[in-house]
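# Observations on chain architecture
Each chain, written out:
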Amino acid sequence: MSNRRLKVAVLVSGSGSNLQVMIDAMQAGTLPIDIIGVISNREDAYAVTRATTANIPVAVLSHAPSGKRMSIATFEKHALAQLEAWSPDLVVLAGFMRVLSAEFIHAVPCAMINLHPSLLPAYKGLDTHARVIRSGDKHHGCSVHLVTPELDAGQVLTQAWLSVDEHDTAESLGKRVQKLEHQLVPYTLELIAKGVLDLDVIMAGQIDGFVSLPYRLWLD
């Protein structure tokens, strides 16, 4: 297994609670990663403050010099240039809320993973907690998957599960799933950093027949 530290770049749009979990684990020495940069598509994202406080380089790509909000094409152009300059081993989408183009995904110089608040392949897209409540499903959770051009359709690497309580609302379920996310993200990064999950092999479709994906955590 690998003992190298994983160079990670993170794309964010919001509060950055999962980014903070990554920062805390990195600073505590419990996770073998170096967060080498954070890209935000929103200047008001609290994740920017979290990264700046931790002395992590930040690129805010929200508005063009004219003051207009960046188009996705302009964002992708600048984000790709920044990623190429940072040269990460892995890009993590942590609460990043824009859909990326196939051209950008293919051009990024390393694997990208995304955290999604459902047990994929169920409930791709938005409003997952409310949809689970309406469906009456007994289980819910979150998934980390490879980013591919098809939305939320890449190989699922890890999942964390919980039982849906009969008294759960979309809000309470969302809070419970967020607690799972804060455990699943560092768990997944550790598996990647240690070579348990070899993303090059997985992306090439050469998964050993004895490896069963996704790796699962059952946390109720």
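Residues numbered from 1 in each chain as written. Predicted model: local features only at pLDDT ≥ 70, side-chain atom pairs only at ≥ 80, totals over all residues. Heavy atoms only, no water.

## Examining the UniProt feature "domain: Formyl transferase N-terminal" (unreviewed entry) in the protein
As recorded in UniProt, the sites labelled "domain: Formyl transferase N-terminal" (unreviewed entry) are residues 7–187. Note that residues 7–187 is 37% helix and 24% strand, and that its end C-alpha atoms are spaced 16 Å apart. (UniProt positions renumbered as here; feature names shortened; annotations may be inferred. Helix = DSSP H or I, 4+ residues; strand = E, 2+ residues; numbered from the N terminus.)

## A few points about the packing of aromatic side chains
The relation between two aromatic rings is expressed through the spacing of the ring centres and the mutual angle of the planes. Throughout the structure, instances matching the rule amount to one aromatic pair. When the ring of phenylalanine 75 is compared with that of phenylalanine 96, the centres are 5.5 Å apart and the planes differ by 25 degrees; the resulting orientation is stacked. One end of the pair, phenylalanine 75, is in helix α3 (residues 72–86); the other, phenylalanine 96, is in the loop between β4 (90–93) and α4 (102–107), and 21 residues separate them in sequence. By relative accessible area, which is 0% here, phenylalanine 75 ends up buried. (Phe/Tyr/Trp six-rings, centres within 6.5 Å; stacked < 30°, edge-to-face > 60°. Buried < 20%, exposed > 50% of the residue type's maximum accessible area, 1.4 Å probe, protein only.)

## Let's talk about the packing of helix α1 (residues 17–28) against helix α2 (residues 46–53)
Look at α1 against α2: their axes get within 9 Å of each other, and the N-to-C directions meet at 15 degrees. Of the possible angle classes, the one that applies to α1 and α2 is roughly parallel. Every pair of crossing elements has a handedness; the one defined by α1 and α2 is right-handed. Residue-level inspection shows Ser17, Leu19, Gln20 and Ile23 of α1 in contact with α2, the latter providing Ala47, Arg50 and Ala51. Considering only residue class, the contact of α1 with α2 consists of four nonpolar, two polar and one charged. (Axes fitted to C-alpha atoms, helices over the stretch in contact; angles between N-to-C directions. Parallel < 35°, antiparallel > 145°, perpendicular 65-115°, else oblique. Left-handed = near helix turned anticlockwise from the far one by under 90°. Contact = heavy atoms within 4.5 Å. Nonpolar A, V, L, I, M, F, W, Y, C, P; charged D, E, K, R; others polar.)

## Some points on the pattern of salt bridges
Enumeration over the complete set of coordinates arrives at five salt bridges. Of the charged contacts in the structure, one is a salt bridge between arginine 42 and aspartate 44, with a shortest N-O distance of 2.9 Å. Across the pair lysine 194 and glutamate 190 runs a salt bridge, and its minimum N-O distance is 2.8 Å. Among the residues examined, glutamate 190 registers a relative accessible area of 28% and is labelled partly exposed. (Salt bridge = Lys/Arg side-chain N within 4 Å of Asp/Glu carboxyl O.)

## Section: α2
Buried within α2 we find Ala47, Val48, Arg50 and Ala51. Buried residues of α2, seen end-on, are gathered within an arc of 160 degrees and therefore sit on one face of the element. Looking at the buried positions of α2, the neighbouring elements they touch are β1 (6–12), α1, β2 (33–40) and β3 (58–60). (Arc of directions from axis to C-beta.)

## What to know about the UniProt feature "site: Raises pKa of active site His" (unreviewed entry) in the protein
Under the UniProt annotation, "site: Raises pKa of active site His" (unreviewed entry) lies at Asp152. Its location among the elements puts aspartate 152 in the loop between β6 (139–146) and β7 (156–163). Aspartate 152 sits in the buried class, given a relative accessible area of 9%. For aspartate 152, the contacting residues outside a window of four places in its chain are Asn114, His116, Leu120, Lys124, Gly125 and His145. Only 3.5 Å separates the side chain of aspartate 152 from the side chain of histidine 116, close enough to count as a polar contact. (Polar contact = N/O pair within 3.5 Å; in protein donor to acceptor, adjacent residues only side chain to side chain.)

## Examining the pairing of β2
For β2, the tally of buried residues reaches seven of eight residues, placing the bulk of the element in the interior. Direction of pairing for β1 relative to β2: parallel, over a ladder of seven bridges. Counterpart to valine 10 in the pairing with β2 is valine 38. For the crossover from β1 across α1 to β2, the handedness is right-handed. When β2 meets β3, the two strands line up parallel, connected through three bridges. Each bridged residue has a counterpart across the sheet, and for valine 38 the counterpart in β3 is valine 58. (Pairing = 2+ DSSP bridges. Right-handed = clockwise from strand over helix to strand, strands pointing away.)

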